[in-house]
Amino acid sequence: MNELALSLDTVWMLLAAMLVFWMQPGFALCEAGFTRSKNTVNILMKNFVDFMLGSLLFFFFGFGFMFGSDGAGFIGAPNWGDLSFYKGDLPVEGFLIFETVFCATSATIVSGAMAERTKFSMYLVYSAIISLIIYPVEGHWTWGGGWLAGLGFHDFAGSAIVHSVGGVLALIGAIALGPRRGKYGKDGKSRAIPGHNLALAALGVFILWLGWFGFNPGSQLAASGAVNRTAISHVFLTTNLSAVAGGVATMFLTWMKYGKPSLSLTLNGILAGLVGITAGCDVVSPVGSVVIGLLCGIVLVFAIEFVDHKLHIDDPVGAFSVHGVCGILGTVLTGLLALDGGALYGGGWQLFGVQCLGILVIDLWAAICGFLLFFGIKKLHGLRVEARVEEEGLDIYEHGESCYN
């Protein structure tokens, strides 16, 4: 019976990994749809590169950095492609694949905020650094059994570890690059640069939504037995409720604020709800998940507006607002709404304090690394394409081909 249970758990983990991998085309289509047609090849290429480079680097080095040394120290030891150091009930090869697809997700988030103006060669550099160093180090502190895990920090599937890190890096990258040409007028007012295909963006969000059912329930890493089958069913429910609540909140808020319900913002509202629930999907109630989704869907609209109109930071797909802001919000709300230990459920403020400390340290690490990485590249080699390349499109100049012929 134990062998049967382990086999079932292994199959569940691998199926979940496949669903999370399926989020890569979701990100690609979403980003492509929200940007202009002249840069579509470049965007698709970047999403392939994230997974290709990330898989190799995480296999040879990142897996050891994240899970090596039994959680001790600042960073684990590099494994040099040797997986024998990891001890667990499930096959290490399967667990490696599961963690690899999460690593690739964090790197992919950055792509959207820096779209339409980044040198492809430099994208290879920073995508590699994220997968090799930035993500594995903070992952070592948490999922790797490090010091934050020892304090009781709770991030079930990655609101902080994956999404907020990607969002913060996206913000720093967008600042280093500067806005797209024509985004802001001489008077400082923001000008809309519409994406070329909302149908692609909508399909991308549907794919991401599906992938999230591997992202969150899959993080249970088991399906056998009453406890696990109940847990993954609960996580499926809370994940979906938060997504729909986020979409509904954004739809009605944009309807009231702008006079019409915005599809593009509603799509991001759904993603905001999904990002927000990812930290506490296993410990909050279904009603709590609705609350998290509603708050994320509302905050998203104001975050996008603030970043664009007040800070004058050009984030074409709203990556920082969706993944950064809502990743932070979801992590903190877990400390309030967790059924066991949440401040609003009589658990005191310890979990809330640990959640605040954890998200602060994780995102401070991401911000420092992002500043050194992006401004270092900008100073040493240049991060942005020439004006002519940006105006005529990265597809032809960077890749020698066009998506639409």
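What counts as what
- Residues numbered from 1 in each chain as written.
- Predicted model: local features only at pLDDT ≥ 70, side-chain atom pairs only at ≥ 80, totals over all residues.
- Heavy atoms only, no water.
- Helix = DSSP H or I, 4+ residues; strand = E, 2+ residues; numbered from the N terminus.
- Rg over C-alpha atoms; globule rule 2.2 N^0.38 Å.
- Buried < 20%, exposed > 50% of the residue type's maximum accessible area, 1.4 Å probe, protein only.
- Salt bridge = Lys/Arg side-chain N within 4 Å of Asp/Glu carboxyl O.
- Axes fitted to C-alpha atoms, helices over the stretch in contact; angles between N-to-C directions.
- Parallel < 35°, antiparallel > 145°, perpendicular 65-115°, else oblique.
- Left-handed = near helix turned anticlockwise from the far one by under 90°.
- Contact = heavy atoms within 4.5 Å.
- Nonpolar A, V, L, I, M, F, W, Y, C, P; charged D, E, K, R; others polar.
- 1 Å grid on protein atoms, 1.4 Å probe; cavity = no way out; pocket = protein on both sides within 12 Å on 5 of 7 lines; lining within 4 Å.
- Points joined across faces, edges and corners; volume = space filled by probe spheres on them.
- Expected span 1.5 Å × (residues − 1).
- Polar contact = N/O pair within 3.5 Å; in protein donor to acceptor, adjacent residues only side chain to side chain.
- Core = buried A, V, L, I, M, F, W, Y, C linked by side-chain atoms within 4.5 Å.
- Phe/Tyr/Trp six-rings, centres within 6.5 Å; stacked < 30°, edge-to-face > 60°.
- Lys NZ or Arg CZ within 6 Å of the ring centre and 35° of its normal.

1. Details of the overall build of the chain
Then step 1. Looking only at helices and strands, the chain has 15 helices and 0 strands in total.
Then step 2. Taken against the 2.2 N^0.38 rule, which gives 22 Å for 405 residues, the C-alpha radius of gyration of the chain at 20 Å falls within 12% of a compact globule.
Then step 3. For the C-alpha atoms alone, the extent of the chain along its principal axes is close to 65 × 50 × 40 Å.
Then step 4. Considering the chain as a whole, with its 405 residues, one finds that 57% of them fall into the buried category.

2. Observations concerning the pattern of salt bridges
Then step 1. Inspection of the entire model under this criterion finds 9 salt bridges.
Then step 2. Among the salt bridges present, the one from Glu305 reaches Lys257, with a minimum N-O distance of 3.5 Å. Linking Glu305 in helix H11 (residues 286-310) with Lys257 in helix H9 (residues 225-258), this pair joins segments that are 48 residues apart in sequence.
Then step 3. Judged by its relative accessible area of 25%, Glu305 falls in the partly exposed class.

3. A look at the packing of helix H10 (residues 263-277) against H11
Then step 1. In contact at an axis separation of 8 Å, H10 and H11 are set at 130 degrees when each is read in the N-to-C sense. As far as their axial angle goes, H11 and H10 are oblique. As for the relative orientation of H10 and H11, their crossing is right-handed in sense. Mapping the contact onto sequence places Leu265, Asn268, Gly269, Ala272, Gly273, Gly276 and Ile277 in H10 and Ser289, Ile292, Gly293, Cys296, Leu300 and Ile304 in H11.
Then step 2. Among the residues forming the contact of H10 with H11, the class breakdown is 7 nonpolar, 6 polar and no charged.

4. Details of the layout of surface pockets
Then step 1. Put simply, the largest pocket is a space of about 710 Å³.
Then step 2. What lines the largest pocket is a set of 28 residues, among which Lys183, Ser264, Ile304, Asp308 and Pro316 lie closest to the centre.
Then step 3. Those elements giving two or more residues to the lining of the largest pocket turn out to be helix H2 (23-34), H10 and H11.
Then step 4. If one sorts the elements of the lining of the largest pocket by residue count, H11 sits on top with 6 residues.

5. Examining helix H8 (residues 198-215)
Then step 1. Between its first and last C-alpha atoms H8 spans 24 Å; for 18 residues at 1.5 Å apiece the expected length is 26 Å, and the two agree.
Then step 2. Across the 18 residues of H8, 13 count as buried, placing the element largely inside the fold.
Then step 3. Taking the backbone nitrogen of Ala199 as reference, a side-chain oxygen 3.0 Å away marks Asn197 as the first, capping residue of H8.

6. Overview of unusual backbone geometry
Then step 1. Even without a glycine there, the phi angle at Trp80 is positive, about 50 degrees.
Then step 2. Since its relative accessible area comes to 60%, Trp80 is described here as exposed.
Then step 3. At His312, a residue that is not glycine, the phi angle is positive and equals roughly 55 degrees.
Then step 4. Residue position: His312 is located in the loop between H11 and helix H12 (319-337).

7. Notes on the nonpolar core
Where a protein is soluble and globular, its nonpolar side chains tend to be buried together.
Then step 1. Ranked by size, the top nonpolar core spans 94 residues in total, and within it Tyr126, Phe374 and Leu383 carry the most contacts.
Then step 2. With 12 residues, helix H7 (residues 159-177) is the single largest residue contributor to this core.

8. Thoughts on empty space enclosed by the protein
Then step 1. Enumeration according to the criterion identifies 1 cavity of 30 Å³ or more in this entry.
Then step 2. Roughly 140 Å³ of internal volume is contained in the largest cavity.
Then step 3. Lining the largest cavity are 14 residues, with Phe27, Cys30, Val317, Ala319 and His323 positioned closest to its centre.
Then step 4. Looking at the lining of the largest cavity, the elements with two or more residues in it are H2, helix H4 (92-113), H10 and H12.
Then step 5. Its residues placed into classes, the lining of the largest cavity shows 8 nonpolar, 5 polar and 1 charged.

9. A word on the packing of aromatic side chains
Then step 1. Here the structure, examined in full by the defined rule, presents 27 aromatic pairs.
Then step 2. Relative to Trp255, the ring of Phe252 has its centre 6.0 Å away and its plane inclined at 15 degrees; by these criteria the two rings are stacked. Of this pair, Phe252 and Trp255 both sit in helix H9, 3 residues apart, which is roughly one turn of that helix.
Then step 3. With a relative accessible area of 41%, Trp255 lands in the partly exposed category.
Then step 4. For the cation-ring pair, Lys46 lies above Tyr123, with the distance from its terminal atom to the ring centre recorded as 5.1 Å.
Then step 5. The positively charged end of Lys183 is found above the aromatic ring belonging to Tyr184, 5.9 Å away from the centroid.

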